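The residues making up each chain are set out below.
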Amino acid sequence: RAIDLLTAQPEWDGKRLVARGRSQGGGQAIAAGALDPRITFVAAEIPTFCDHTGIVIGRINGWPKLIPNDAEKPDRKVIEAARYYDSMNFAQHIRAQAFFTVGFIDIVCPPTGIYAAYNQLPGKKNIWNHLDTGHVSRPDYDAGVRDAILNYLKETRK
């Protein structure tokens, strides 16, 4: 409904719509990009909800750890249900351009999960690796994401 409200505003150019979020908002930006074709650019900063079932193949699950990382034998029903909420599965349906960020020492949203989602993106995409960062943002990161969005808007202005 928020997208409907935004696109009803006279300021909207009728062509470009950015979904941006950090952490849980990043996961929501991925879902919005998958579910609404009006989204033309997704900026997902250290997104959550990535790779809920990673534990099944030896990776660490992302937040909110729907399947505990110490589960010896995860419940098959939980595994199947978790896939409905996984950014990795939403990402494959995004037709918008995308810009992700990832912290290589992030234990909340592990880089393996974010890359699992990023690798599913079918279109034009870019990822910004923060080698020395966990689940945080800094002013230069905010500026980098803002610049990526502004560059997209400049490139698509017509």
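Above this text is the structure in question.
Here the residue numbers are simple positions, counted from 1 along each chain's written sequence. Per-residue local features are limited, in this predicted model, to residues with pLDDT of at least 70; the limit for side-chain atom pairs, both in listing and counting, is 80 or more; totals at the level of whole chains, interfaces and linings are taken over all residues. Neither water nor hydrogens contribute to the side-chain values; these are computed over all heavy atoms in the structure.

**Brief notes about the overall build of the protein**
In terms of regular secondary structure, the protein is built from 6 helices and 4 strands. Taking 15 Å as the expected radius of gyration for a compact globule of 158 residues, we find that the protein reaches 16 Å, a close match to that expectation. Principal-axis analysis of the C-alpha atoms places the extent of the protein at approximately 55 × 35 × 25 Å. Buried means the residue's accessible area, taken with a 1.4 Å probe over protein chains only, is under 20% of the maximum for its type, while exposed means over 50%, and partly exposed covers the values in between. Within the protein, the fraction of its 158 residues that count as buried is 46%. Contacts: residue pairs with any heavy atoms within 4.5 Å of one another. Long-range pairs, those at least 24 residues apart, make up 64% of the contacts in the protein with a sequence separation of at least 6. Secondary structure elements follow DSSP: runs of H or I of four or more residues count as helices, runs of E of two or more count as strands, with numbering from the N terminus. Both definitions apply: the radius of gyration is a C-alpha atom measure, and the globule rule equals 2.2 Å times residues to the power 0.38.

**Side note on the environment of I127**
For I127, the position within the fold is in strand β4 (residues 125-130). Along the backbone, I127 and N61 are 66 residues apart, and their C-alpha atoms lie at a distance of 20 Å. Setting aside chain neighbours within four positions, we find I127 in contact with F100, V102, I114, Y115 and Y118.

**Quick notes on the pairing of strand β2 (residues 41-45)**
Most of β2 is tucked away, with 5 of its 5 residues classed as buried. Here β2 shows two buried faces, one formed by F41, A43 and E45 and the other by V42 and A44. When the strands point away from the viewer and the connection leading from the first strand across the helix to the second strand turns clockwise, the crossover is called right-handed. Note on the crossover from strand β1 (residues 18-22) through helix α2 (residues 24-35) to β2: the handedness is right-handed. Only strands joined by at least two bridges in the DSSP assignment are considered to pair. Across 5 bridges, β2 lies against strand β3 (residues 97-103) in parallel orientation. Its bridge partner lying in β3, V42 is registered against A98.

**Quick word on the environment of L17**
Inspection of the secondary structure puts L17 in the loop between α1 (2-7) and β1. Taking the C-alpha atoms as reference points, L17 and Q92, separated by 75 residues in sequence, lie 19 Å from one another. Once residues lying within four places of it in the same chain are set aside, the contact partners of L17 are I3, T7, W12, R38, I39, T40 and F41.

**Comments concerning the packing of aromatic side chains**
In summary, the pairing rule links any two rings of Phe, Tyr or Trp, Trp by its six-membered ring, whose centres are within 6.5 Å, and it sorts them by plane angle into stacked for under 30 degrees, edge-to-face for over 60 and tilted for everything else. If you walk through the whole model with that rule in mind, you get 6 aromatic pairs. On the numbers, 5.7 Å between centres and 70° between planes, the contact of W128 with Y141 is edge-to-face. One end of the pair, W128, is in strand β4; the other, Y141, is in helix α6 (residues 139-155), and 13 residues separate them in sequence. Of the residues examined, W128 reaches a relative accessible area of 29% and is grouped as partly exposed. A residue is classified by how much of its surface remains accessible, and Y141, at 4% relative accessible area, is buried. An aromatic cluster is present here, built from F99, W128 and Y141 joined pairwise through their rings. The ring of Y118 carries the charged tip of K125 above its face, separated from the ring centre by 4.8 Å. Counted as over-ring charges are cases with an Arg CZ or a Lys NZ within 6 Å of the ring centre that also lie within 35 degrees of the ring normal.

**Here's the deal with the layout of surface pockets**
Here a cavity denotes grid points, spaced 1 Å and computed from the protein atoms alone, that fit a 1.4 Å probe unable to get out, and a pocket denotes an open set having protein on both sides within 12 Å along at least 5 of 7 lines; residues with an atom within 4 Å of a point are the lining. Grid points are joined across faces, edges and corners, and a volume is the space filled by probe spheres set on the points. By volume, the largest pocket amounts to about 200 Å³. Lining the largest pocket, in full, are F41, Q97, A98, F99, K124, K125, N126, D147, A148, N151, Y152 and E155. Among the elements of the structure, β3, β4 and α6 are those that each provide at least two residues to the lining of the largest pocket. Amino acids outside the nonpolar list (Ala, Val, Leu, Ile, Met, Phe, Trp, Tyr, Cys, Pro) and the charged list (Asp, Glu, Lys, Arg) are all regarded as polar, and Gly is one of them. Here the residues of the lining of the largest pocket sort into 5 nonpolar, 3 polar and 4 charged.

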